[in-house]
Amino acid sequence: MKKISLLVLFAALALGCSSHQQVKYVFYFIGDGMGVNQVMGTEQYNKATGNGPEVINFTQFPVRNFITTVSGNSLVTDSAAGGTALASGVKTYNSAIGVDLDGNPVSCLTEWAHAAGYGTGIITSVGINHATPASFVAHTSVRKNYEDISTQLISAPVDFAAGAGFIMDKGSERSPEYYEKMAADAGISLFKGPDFSGVEDVDGRVICLSGKPQQDLPYAIDREEDDTQLSDFVKAGIAYLEKHFGKKGFFVMIEGGKIDWACHGTDAASAFQELTDMAYSVDLALEFLSRHPKETLILITADHETGGLMLGAGKYEIHPERLAYQKGSTPVLTEEFREEFFPEDEPFKAPSWDDVKEFFADNLGLWDKVEVSSKEEADLKDVYDKTFGKGGNRNLSSENLYSVNYKIVDEAVKCLDRAAGYRFSFGSHSGSPVGLYVTGAGHEAFREVRDNAEIAPTIAKLAGYQK
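Residues numbered from 1 in each chain as written. Predicted model: local features only at pLDDT ≥ 70, side-chain atom pairs only at ≥ 80, totals over all residues. Heavy atoms only, no water.

Caption draft 1: Spatial organisation of the packing of aromatic side chains. Using the criterion set out here, one finds 31 aromatic pairs in the structure. Considering the side-chain rings of Tyr45 and Phe272, the 5.7 Å spacing of their centres and the 45° angle between planes classify their relative orientation as tilted. Of this pair, Tyr45 sits in helix α2 (residues 36-49) while Phe272 sits in helix α10 (residues 268-291); the two residues are 227 residues apart in sequence, bridging distant segments of the chain. Phe272 carries the same exposure label as Tyr45, and that label is buried. A ring pair is formed by Phe342 and Phe348, whose centres lie 5.5 Å apart and whose planes are at 10°; its orientation type is stacked. Classification of Phe348 by relative accessible area gives partly exposed; the value is 33%. Three or more aromatic residues joined by ring pairs form one cluster here, namely Phe337, Phe341, Phe342, Phe348, Trp353, Phe359, Phe360, Trp367, Tyr384, Phe388 and Tyr406. (Phe/Tyr/Trp six-rings, centres within 6.5 Å; stacked < 30°, edge-to-face > 60°. Helix = DSSP H or I, 4+ residues; strand = E, 2+ residues; numbered from the N terminus. Buried < 20%, exposed > 50% of the residue type's maximum accessible area, 1.4 Å probe, protein only.)

Encoded structure:
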(Lines give C-alpha, C1' and ligand atoms only; values in the text may rest on other atoms or scores of the structure.)
Protein backbone atom coordinates (compact mmCIF):
# COMPACT_ATOMS: atom_id res chain seq x y z
CA MET A 1 0.00 0.00 0.00
CA LYS A 2 1.24 3.46 -0.84
CA LYS A 3 2.06 5.78 2.02
CA ILE A 4 2.43 9.52 1.76
CA SER A 5 5.69 10.48 3.46
CA LEU A 6 5.04 12.75 6.43
CA LEU A 7 8.71 13.72 6.38
CA VAL A 8 8.42 14.92 2.78
CA LEU A 9 5.11 16.65 3.53
CA PHE A 10 6.23 18.58 6.60
CA ALA A 11 9.62 19.45 5.12
CA ALA A 12 7.96 20.76 2.00
CA LEU A 13 5.43 22.77 3.98
CA ALA A 14 8.15 24.33 6.11
CA LEU A 15 10.29 25.18 3.11
CA GLY A 16 7.23 26.40 1.21
CA CYS A 17 6.75 29.14 3.78
CA SER A 18 10.19 30.61 3.12
CA SER A 19 10.75 34.03 1.57
CA HIS A 20 9.19 34.45 -1.85
CA GLN A 21 11.03 34.85 -5.15
CA GLN A 22 9.33 34.78 -8.55
CA VAL A 23 7.54 31.47 -8.99
CA LYS A 24 9.17 29.20 -11.59
CA TYR A 25 7.25 25.95 -11.14
CA VAL A 26 3.47 25.73 -10.82
CA PHE A 27 1.51 22.57 -9.97
CA TYR A 28 -2.23 23.24 -10.38
CA PHE A 29 -4.34 20.29 -9.17
CA ILE A 30 -8.06 20.13 -9.90
CA GLY A 31 -10.10 17.48 -8.11
CA ASP A 32 -13.15 17.37 -10.35
CA GLY A 33 -16.29 17.30 -8.20
CA MET A 34 -14.22 17.46 -5.00
CA GLY A 35 -16.21 19.30 -2.35
CA VAL A 36 -15.09 19.82 1.22
CA ASN A 37 -17.23 16.89 2.37
CA GLN A 38 -15.50 14.62 -0.14
CA VAL A 39 -12.16 15.57 1.45
CA MET A 40 -13.39 15.05 5.01
CA GLY A 41 -15.15 11.83 4.05
CA THR A 42 -11.94 10.49 2.51
CA GLU A 43 -10.02 11.10 5.72
CA GLN A 44 -12.75 9.32 7.70
CA TYR A 45 -12.71 6.40 5.25
CA ASN A 46 -8.92 6.08 5.25
CA LYS A 47 -8.70 6.21 9.04
CA ALA A 48 -11.33 3.50 9.39
CA THR A 49 -10.17 1.19 6.59
CA GLY A 50 -6.41 1.76 6.26
CA ASN A 51 -6.86 2.49 2.56
CA GLY A 52 -4.59 5.55 2.66
CA PRO A 53 -3.34 8.42 4.81
CA GLU A 54 -5.59 9.48 7.68
CA VAL A 55 -4.66 13.10 6.94
CA ILE A 56 -4.86 14.13 3.29
CA ASN A 57 -1.67 16.06 2.57
CA PHE A 58 -3.16 19.24 1.14
CA THR A 59 -5.45 19.77 4.14
CA GLN A 60 -2.29 20.80 6.00
CA PHE A 61 -1.29 23.52 3.53
CA PRO A 62 -0.85 27.01 5.02
CA VAL A 63 -3.63 28.47 2.85
CA ARG A 64 -7.03 26.77 3.15
CA ASN A 65 -9.90 28.83 1.72
CA PHE A 66 -13.41 28.36 0.44
CA ILE A 67 -14.11 29.63 -3.08
CA THR A 68 -17.30 30.06 -5.07
CA THR A 69 -17.78 28.27 -8.39
CA VAL A 70 -20.73 29.99 -10.09
CA SER A 71 -20.62 30.11 -13.89
CA GLY A 72 -21.50 33.05 -16.11
CA ASN A 73 -25.09 31.91 -16.54
CA SER A 74 -25.86 29.74 -13.53
CA LEU A 75 -25.28 29.46 -9.79
CA VAL A 76 -24.37 25.82 -10.49
CA THR A 77 -21.48 25.35 -12.91
CA ASP A 78 -20.53 22.46 -15.10
CA SER A 79 -16.94 21.33 -15.64
CA ALA A 80 -16.55 23.28 -18.87
CA ALA A 81 -17.44 26.69 -17.43
CA GLY A 82 -15.69 25.81 -14.18
CA GLY A 83 -12.57 24.71 -16.02
CA THR A 84 -12.59 27.84 -18.17
CA ALA A 85 -12.74 30.07 -15.07
CA LEU A 86 -9.88 28.13 -13.46
CA ALA A 87 -7.78 28.23 -16.62
CA SER A 88 -8.39 31.81 -17.76
CA GLY A 89 -10.09 33.78 -14.99
CA VAL A 90 -13.07 34.39 -17.29
CA LYS A 91 -16.64 33.37 -16.48
CA THR A 92 -18.59 31.72 -19.26
CA TYR A 93 -21.82 29.78 -19.77
CA ASN A 94 -22.22 26.12 -18.93
CA SER A 95 -20.88 23.76 -21.64
CA ALA A 96 -18.50 26.38 -23.10
CA ILE A 97 -14.75 25.77 -23.29
CA GLY A 98 -12.26 28.63 -23.46
CA VAL A 99 -14.69 31.29 -24.68
CA ASP A 100 -16.46 34.20 -22.97
CA LEU A 101 -20.21 34.78 -22.65
CA ASP A 102 -20.31 36.12 -26.21
CA GLY A 103 -18.47 33.11 -27.60
CA ASN A 104 -15.17 34.90 -28.13
CA PRO A 105 -11.97 32.89 -27.45
CA VAL A 106 -10.15 33.77 -24.21
CA SER A 107 -6.50 33.04 -23.50
CA CYS A 108 -5.44 30.86 -20.58
CA LEU A 109 -2.56 29.87 -18.32
CA THR A 110 -0.91 27.43 -20.71
CA GLU A 111 -0.87 30.07 -23.44
CA TRP A 112 0.43 32.76 -21.07
CA ALA A 113 3.15 30.45 -19.71
CA HIS A 114 4.22 29.37 -23.19
CA ALA A 115 4.41 32.99 -24.37
CA ALA A 116 6.75 33.71 -21.47
CA GLY A 117 9.03 30.81 -22.39
CA TYR A 118 7.87 28.34 -19.73
CA GLY A 119 7.19 24.66 -20.28
CA THR A 120 3.56 23.59 -20.13
CA GLY A 121 1.70 20.41 -19.30
CA ILE A 122 -1.82 19.03 -18.81
CA ILE A 123 -2.51 15.69 -17.13
CA THR A 124 -5.81 13.95 -16.38
CA SER A 125 -7.15 10.58 -15.28
CA VAL A 126 -9.97 10.77 -17.83
CA GLY A 127 -10.09 11.51 -21.56
CA ILE A 128 -7.28 13.77 -22.66
CA ASN A 129 -9.86 15.94 -24.47
CA HIS A 130 -12.43 15.98 -21.64
CA ALA A 131 -13.81 19.27 -20.29
CA THR A 132 -11.19 20.17 -17.68
CA PRO A 133 -8.03 19.53 -19.73
CA ALA A 134 -9.81 21.01 -22.75
CA SER A 135 -10.20 24.29 -20.85
CA PHE A 136 -6.41 24.64 -20.93
CA VAL A 137 -5.94 23.93 -24.66
CA ALA A 138 -9.10 24.67 -26.63
CA HIS A 139 -11.81 27.19 -27.52
CA THR A 140 -15.24 25.88 -28.45
CA SER A 141 -18.87 26.66 -27.68
CA VAL A 142 -19.77 23.05 -26.80
CA ARG A 143 -17.72 20.77 -24.56
CA LYS A 144 -18.83 17.66 -26.45
CA ASN A 145 -17.02 18.79 -29.60
CA TYR A 146 -14.40 16.23 -28.62
CA GLU A 147 -12.79 15.84 -32.02
CA ASP A 148 -12.47 19.59 -32.52
CA ILE A 149 -10.85 19.75 -29.07
CA SER A 150 -8.48 16.92 -30.06
CA THR A 151 -7.37 18.84 -33.15
CA GLN A 152 -6.84 21.98 -31.07
CA LEU A 153 -4.89 20.03 -28.45
CA ILE A 154 -2.49 18.75 -31.09
CA SER A 155 -1.73 22.31 -32.21
CA ALA A 156 -1.86 23.90 -28.75
CA PRO A 157 1.24 25.29 -27.00
CA VAL A 158 1.42 22.35 -24.59
CA ASP A 159 4.70 20.48 -24.30
CA PHE A 160 3.48 17.49 -22.27
CA ALA A 161 -0.05 16.07 -22.30
CA ALA A 162 -1.32 12.89 -20.65
CA GLY A 163 -4.68 11.21 -20.31
CA ALA A 164 -6.45 7.92 -20.77
CA GLY A 165 -7.19 8.40 -24.48
CA PHE A 166 -9.03 10.48 -27.04
CA ILE A 167 -12.82 10.64 -26.67
CA MET A 168 -14.77 10.55 -29.95
CA ASP A 169 -17.85 12.53 -30.93
CA LYS A 170 -21.08 10.59 -30.66
CA GLY A 171 -21.62 8.68 -33.89
CA SER A 172 -18.15 9.46 -35.22
CA GLU A 173 -16.75 7.22 -37.93
CA ARG A 174 -13.23 7.93 -36.72
CA SER A 175 -11.31 6.17 -33.95
CA PRO A 176 -8.89 7.40 -31.28
CA GLU A 177 -6.06 6.08 -33.46
CA TYR A 178 -6.93 8.75 -36.03
CA TYR A 179 -5.90 11.46 -33.56
CA GLU A 180 -2.91 9.50 -32.37
CA LYS A 181 -1.69 9.44 -35.98
CA MET A 182 -2.50 13.15 -36.35
CA ALA A 183 -0.36 13.85 -33.30
CA ALA A 184 2.50 11.71 -34.62
CA ASP A 185 2.29 13.43 -38.01
CA ALA A 186 2.59 16.77 -36.17
CA GLY A 187 5.89 15.60 -34.69
CA ILE A 188 4.54 14.70 -31.25
CA SER A 189 6.04 11.60 -29.60
CA LEU A 190 3.44 9.17 -28.24
CA PHE A 191 4.02 6.95 -25.22
CA LYS A 192 1.62 4.33 -23.90
CA GLY A 193 1.65 3.25 -20.28
CA PRO A 194 1.99 2.16 -17.69
CA ASP A 195 5.74 2.38 -18.33
CA PHE A 196 6.87 5.80 -19.54
CA SER A 197 10.60 5.19 -19.23
CA GLY A 198 12.70 7.50 -21.36
CA VAL A 199 10.04 10.15 -21.87
CA GLU A 200 12.36 12.81 -20.46
CA ASP A 201 14.92 12.11 -23.19
CA VAL A 202 12.55 12.94 -26.05
CA ASP A 203 13.12 16.16 -27.96
CA GLY A 204 9.90 17.96 -28.80
CA ARG A 205 6.36 17.56 -27.55
CA VAL A 206 5.00 14.43 -25.88
CA ILE A 207 1.59 12.82 -25.37
CA CYS A 208 1.25 9.93 -22.88
CA LEU A 209 -1.80 7.64 -23.01
CA SER A 210 -2.97 4.80 -20.82
CA GLY A 211 -1.85 1.89 -22.99
CA LYS A 212 -5.30 0.31 -23.07
CA PRO A 213 -8.22 1.14 -25.39
CA GLN A 214 -10.09 3.22 -22.81
CA GLN A 215 -11.32 6.79 -22.43
CA ASP A 216 -10.72 6.95 -18.69
CA LEU A 217 -8.38 5.26 -16.26
CA PRO A 218 -9.98 2.54 -14.09
CA TYR A 219 -11.25 3.61 -10.70
CA ALA A 220 -8.60 3.12 -8.02
CA ILE A 221 -10.93 0.63 -6.29
CA ASP A 222 -10.90 -1.50 -9.48
CA ARG A 223 -7.27 -1.07 -10.54
CA GLU A 224 -5.28 -4.04 -11.81
CA GLU A 225 -1.53 -4.40 -11.74
CA ASP A 226 -0.99 -3.47 -15.40
CA ASP A 227 -3.28 -0.42 -15.35
CA THR A 228 -1.87 3.05 -15.82
CA GLN A 229 -2.64 5.38 -12.90
CA LEU A 230 -2.59 9.13 -12.46
CA SER A 231 0.72 9.10 -10.58
CA ASP A 232 2.37 7.35 -13.56
CA PHE A 233 1.43 10.32 -15.73
CA VAL A 234 2.58 12.80 -13.07
CA LYS A 235 5.96 11.12 -12.61
CA ALA A 236 6.50 11.17 -16.37
CA GLY A 237 5.37 14.79 -16.62
CA ILE A 238 7.71 15.98 -13.86
CA ALA A 239 10.64 14.06 -15.39
CA TYR A 240 10.00 15.52 -18.83
CA LEU A 241 9.30 19.12 -17.78
CA GLU A 242 12.17 19.28 -15.31
CA LYS A 243 14.62 17.92 -17.90
CA HIS A 244 13.55 20.33 -20.64
CA PHE A 245 12.40 23.40 -18.70
CA GLY A 246 14.18 23.12 -15.37
CA LYS A 247 16.10 26.34 -15.87
CA LYS A 248 13.22 28.53 -17.05
CA GLY A 249 10.32 26.87 -15.25
CA PHE A 250 7.03 25.21 -16.10
CA PHE A 251 3.28 25.16 -15.50
CA VAL A 252 1.34 21.89 -15.22
CA MET A 253 -2.36 21.24 -14.58
CA ILE A 254 -3.22 17.85 -13.05
CA GLU A 255 -6.83 16.64 -12.85
CA GLY A 256 -8.24 13.89 -10.65
CA GLY A 257 -11.20 13.49 -12.98
CA LYS A 258 -12.99 10.44 -11.63
CA ILE A 259 -13.78 11.86 -8.21
CA ASP A 260 -16.57 13.54 -10.15
CA TRP A 261 -17.56 10.36 -11.97
CA ALA A 262 -17.90 8.40 -8.74
CA CYS A 263 -20.00 11.16 -7.19
CA HIS A 264 -22.25 11.28 -10.26
CA GLY A 265 -22.67 7.55 -9.62
CA THR A 266 -23.36 8.24 -5.91
CA ASP A 267 -20.63 5.76 -4.97
CA ALA A 268 -18.86 6.95 -1.80
CA ALA A 269 -16.13 4.30 -1.50
CA SER A 270 -15.06 4.79 -5.13
CA ALA A 271 -15.02 8.58 -4.69
CA PHE A 272 -12.92 8.40 -1.53
CA GLN A 273 -10.38 6.11 -3.18
CA GLU A 274 -10.16 8.45 -6.19
CA LEU A 275 -9.43 11.41 -3.94
CA THR A 276 -6.74 9.46 -2.12
CA ASP A 277 -5.29 8.52 -5.49
CA MET A 278 -4.97 12.20 -6.44
CA ALA A 279 -3.30 12.90 -3.09
CA TYR A 280 -0.53 10.45 -4.02
CA SER A 281 0.19 12.62 -7.05
CA VAL A 282 0.18 15.71 -4.82
CA ASP A 283 2.91 13.92 -2.84
CA LEU A 284 5.06 13.88 -5.99
CA ALA A 285 4.65 17.64 -6.30
CA LEU A 286 5.56 18.03 -2.62
CA GLU A 287 8.76 16.08 -3.21
CA PHE A 288 9.58 18.48 -6.06
CA LEU A 289 8.81 21.42 -3.75
CA SER A 290 11.25 20.04 -1.18
CA ARG A 291 13.98 20.29 -3.83
CA HIS A 292 12.94 23.72 -5.14
CA PRO A 293 11.39 25.39 -2.07
CA LYS A 294 11.74 29.05 -3.05
CA GLU A 295 10.43 28.69 -6.60
CA THR A 296 7.60 26.13 -6.49
CA LEU A 297 3.89 26.83 -6.03
CA ILE A 298 1.31 24.06 -5.46
CA LEU A 299 -2.45 24.66 -5.58
CA ILE A 300 -5.31 22.19 -5.14
CA THR A 301 -8.94 23.08 -5.78
CA ALA A 302 -12.08 21.82 -7.53
CA ASP A 303 -14.21 23.04 -10.39
CA HIS A 304 -17.37 22.28 -8.39
CA GLU A 305 -18.86 19.85 -5.88
CA THR A 306 -20.72 16.82 -7.20
CA GLY A 307 -23.55 14.91 -5.61
CA GLY A 308 -24.38 17.01 -2.56
CA LEU A 309 -22.53 14.51 -0.35
CA MET A 310 -23.77 14.44 3.24
CA LEU A 311 -21.66 13.16 6.13
CA GLY A 312 -24.34 11.55 8.25
CA ALA A 313 -27.37 9.83 6.76
CA GLY A 314 -30.18 10.20 9.27
CA LYS A 315 -28.55 9.17 12.52
CA TYR A 316 -26.00 11.10 14.57
CA GLU A 317 -23.27 8.65 13.62
CA ILE A 318 -21.00 7.57 10.77
CA HIS A 319 -19.49 4.12 10.24
CA PRO A 320 -16.92 4.48 7.42
CA GLU A 321 -15.41 1.10 8.28
CA ARG A 322 -18.45 -0.52 6.66
CA LEU A 323 -17.39 0.79 3.24
CA ALA A 324 -14.32 -1.48 3.45
CA TYR A 325 -16.51 -4.39 2.33
CA GLN A 326 -17.13 -2.84 -1.11
CA LYS A 327 -14.95 -4.71 -3.60
CA GLY A 328 -15.52 -2.67 -6.74
CA SER A 329 -17.10 0.42 -8.25
CA THR A 330 -20.75 0.35 -9.24
CA PRO A 331 -19.91 -0.14 -12.97
CA VAL A 332 -17.55 -3.04 -12.24
CA LEU A 333 -20.06 -4.65 -9.87
CA THR A 334 -22.67 -4.26 -12.60
CA GLU A 335 -20.43 -6.15 -15.01
CA GLU A 336 -19.79 -8.88 -12.43
CA PHE A 337 -23.54 -9.11 -11.76
CA ARG A 338 -24.12 -9.55 -15.49
CA GLU A 339 -21.51 -12.29 -15.72
CA GLU A 340 -22.99 -14.05 -12.67
CA PHE A 341 -26.65 -13.96 -13.59
CA PHE A 342 -26.72 -13.35 -17.36
CA PRO A 343 -23.96 -15.64 -18.69
CA GLU A 344 -23.47 -15.54 -22.44
CA ASP A 345 -24.41 -18.56 -24.55
CA GLU A 346 -26.54 -20.03 -21.77
CA PRO A 347 -30.32 -20.04 -21.44
CA PHE A 348 -31.48 -17.39 -19.01
CA LYS A 349 -32.56 -18.63 -15.61
CA ALA A 350 -33.75 -16.09 -13.08
CA PRO A 351 -31.62 -16.16 -9.93
CA SER A 352 -33.31 -16.63 -6.60
CA TRP A 353 -33.51 -13.77 -4.13
CA ASP A 354 -31.08 -15.72 -1.93
CA ASP A 355 -28.62 -15.91 -4.85
CA VAL A 356 -28.77 -12.15 -5.30
CA LYS A 357 -28.38 -11.56 -1.56
CA GLU A 358 -25.31 -13.78 -1.57
CA PHE A 359 -23.79 -11.72 -4.41
CA PHE A 360 -24.20 -8.51 -2.43
CA ALA A 361 -22.96 -10.18 0.75
CA ASP A 362 -19.77 -11.19 -1.08
CA ASN A 363 -19.19 -7.86 -2.83
CA LEU A 364 -20.63 -5.28 -0.41
CA GLY A 365 -20.84 -7.08 2.91
CA LEU A 366 -24.61 -6.60 3.07
CA TRP A 367 -26.37 -9.02 5.43
CA ASP A 368 -23.06 -10.79 6.10
CA LYS A 369 -21.01 -7.97 7.69
CA VAL A 370 -23.42 -5.03 7.49
CA GLU A 371 -26.92 -5.17 8.93
CA VAL A 372 -29.71 -4.45 6.45
CA SER A 373 -32.94 -3.14 7.93
CA SER A 374 -36.25 -4.74 7.04
CA LYS A 375 -37.22 -1.64 5.08
CA GLU A 376 -33.95 -1.59 3.14
CA GLU A 377 -34.34 -5.29 2.34
CA ALA A 378 -37.93 -4.76 1.23
CA ASP A 379 -36.86 -1.94 -1.07
CA LEU A 380 -34.10 -4.08 -2.61
CA LYS A 381 -36.47 -7.03 -2.93
CA ASP A 382 -38.91 -4.77 -4.79
CA VAL A 383 -36.20 -3.93 -7.34
CA TYR A 384 -35.37 -7.65 -7.59
CA ASP A 385 -39.05 -8.42 -8.34
CA LYS A 386 -39.19 -5.68 -10.99
CA THR A 387 -36.07 -7.14 -12.57
CA PHE A 388 -36.60 -10.88 -12.34
CA GLY A 389 -40.27 -11.36 -11.47
CA LYS A 390 -43.05 -12.19 -13.88
CA GLY A 391 -43.16 -9.50 -16.54
CA GLY A 392 -40.00 -7.96 -15.09
CA ASN A 393 -37.38 -5.97 -16.97
CA ARG A 394 -34.08 -7.81 -16.92
CA ASN A 395 -32.34 -4.65 -18.11
CA LEU A 396 -33.81 -2.40 -15.41
CA SER A 397 -31.11 0.21 -15.05
CA SER A 398 -30.01 3.42 -13.37
CA GLU A 399 -28.22 5.90 -15.61
CA ASN A 400 -25.90 8.68 -14.51
CA LEU A 401 -23.72 11.04 -16.53
CA TYR A 402 -20.93 8.48 -17.01
CA SER A 403 -22.38 4.99 -16.68
CA VAL A 404 -25.46 2.82 -16.96
CA ASN A 405 -25.74 0.23 -14.18
CA TYR A 406 -28.20 -2.40 -13.12
CA LYS A 407 -30.66 -0.65 -10.86
CA ILE A 408 -30.44 -3.37 -8.24
CA VAL A 409 -26.63 -2.97 -8.08
CA ASP A 410 -26.94 0.81 -7.87
CA GLU A 411 -29.49 0.54 -5.06
CA ALA A 412 -27.37 -1.98 -3.16
CA VAL A 413 -24.35 0.38 -3.24
CA LYS A 414 -26.58 3.20 -1.97
CA CYS A 415 -27.80 0.88 0.78
CA LEU A 416 -24.20 0.30 1.91
CA ASP A 417 -23.48 4.05 1.77
CA ARG A 418 -26.46 4.78 4.00
CA ALA A 419 -25.46 2.03 6.42
CA ALA A 420 -22.03 3.67 6.64
CA GLY A 421 -23.60 7.09 7.22
CA TYR A 422 -23.10 8.69 3.79
CA ARG A 423 -25.78 9.92 1.44
CA PHE A 424 -25.68 11.83 -1.82
CA SER A 425 -28.47 14.37 -2.21
CA PHE A 426 -28.53 13.76 -5.99
CA GLY A 427 -26.23 12.62 -8.78
CA SER A 428 -25.30 15.97 -10.24
CA HIS A 429 -23.37 19.15 -9.43
CA SER A 430 -24.18 21.48 -6.56
CA GLY A 431 -23.44 25.16 -6.04
CA SER A 432 -21.58 24.55 -2.79
CA PRO A 433 -18.25 26.33 -2.28
CA VAL A 434 -15.14 24.18 -2.66
CA GLY A 435 -11.74 24.27 -1.02
CA LEU A 436 -8.62 26.06 -2.21
CA TYR A 437 -5.41 24.69 -0.70
CA VAL A 438 -2.08 26.38 -1.43
CA THR A 439 1.54 25.97 -0.34
CA GLY A 440 4.97 26.99 -1.58
CA ALA A 441 6.37 30.19 -3.02
CA GLY A 442 3.85 33.02 -3.05
CA HIS A 443 1.11 31.10 -1.27
CA GLU A 444 0.26 34.20 0.80
CA ALA A 445 -1.24 35.81 -2.32
CA PHE A 446 -4.13 33.33 -2.20
CA ARG A 447 -5.31 34.09 1.34
CA GLU A 448 -7.94 36.51 0.08
CA VAL A 449 -8.98 34.59 -3.06
CA ARG A 450 -12.70 33.87 -2.82
CA ASP A 451 -13.80 32.85 -6.34
CA ASN A 452 -12.44 30.44 -8.93
CA ALA A 453 -11.94 33.22 -11.52
CA GLU A 454 -9.38 34.91 -9.23
CA ILE A 455 -6.91 32.00 -9.26
CA ALA A 456 -5.50 32.14 -12.81
CA PRO A 457 -4.66 35.88 -12.75
CA THR A 458 -2.97 35.43 -9.38
CA ILE A 459 -0.82 32.58 -10.69
CA ALA A 460 0.09 34.62 -13.77
CA LYS A 461 1.18 37.57 -11.65
CA LEU A 462 3.33 35.46 -9.34
CA ALA A 463 5.01 33.60 -12.21
CA GLY A 464 5.42 36.61 -14.47
CA TYR A 465 3.47 35.11 -17.37
CA GLN A 466 2.65 37.28 -20.39
CA LYS A 467 -1.10 37.60 -20.97
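Caption draft 2: Region of the structure containing the sheet that holds strand β3 (residues 119-124). A sheet is described by the order of its strands in space; here nine strands give the open sequence β2-β15-β8-β1-β7-β3-β4-β6-β5, paired in mixed fashion. Looking at strand neighbours, the two that pair on one side only are β2 (63-67) and β5 (189-192), the edges of this open sheet. Each adjacent strand pair in this sheet contributes to an overall mean axis angle of 15°, direction not counted. The pairing of strand β1 (residues 25-31) with strand β8 (residues 296-301) spans six bridges and is classified as parallel. Within the sheet, the bridge partner assigned to Phe27 lies in β8 and is Ile298. (Pairing = 2+ DSSP bridges. Axes fitted to C-alpha atoms, helices over the stretch in contact; angles between N-to-C directions.)

Caption draft 3: Broad picture of the environment of Pro62. Here Pro62 shows up in the loop between α2 and β2. For Pro62, a relative accessible area of 24% puts it in the partly exposed group.

Caption draft 4: Geometry of helix α14 (residues 407-420). With 14 residues, α14 extends 20 Å from end C-alpha to end C-alpha; this agrees with the ideal 20 Å at 1.5 Å per step. Burial analysis of α14 places eleven of its 14 residues in the buried class, which makes it a mostly covered element. Among all positions of α14, only Ile408, Val409, Asp410, Glu411, Ala412, Val413, Cys415, Leu416, Asp417, Ala419 and Ala420 are buried. At the exit of α14 stands Gly421, carrying a positive phi of roughly 100°. (Expected span 1.5 Å × (residues − 1).)

Spatial relationships are all this shows, so hold off on functional conclusions.
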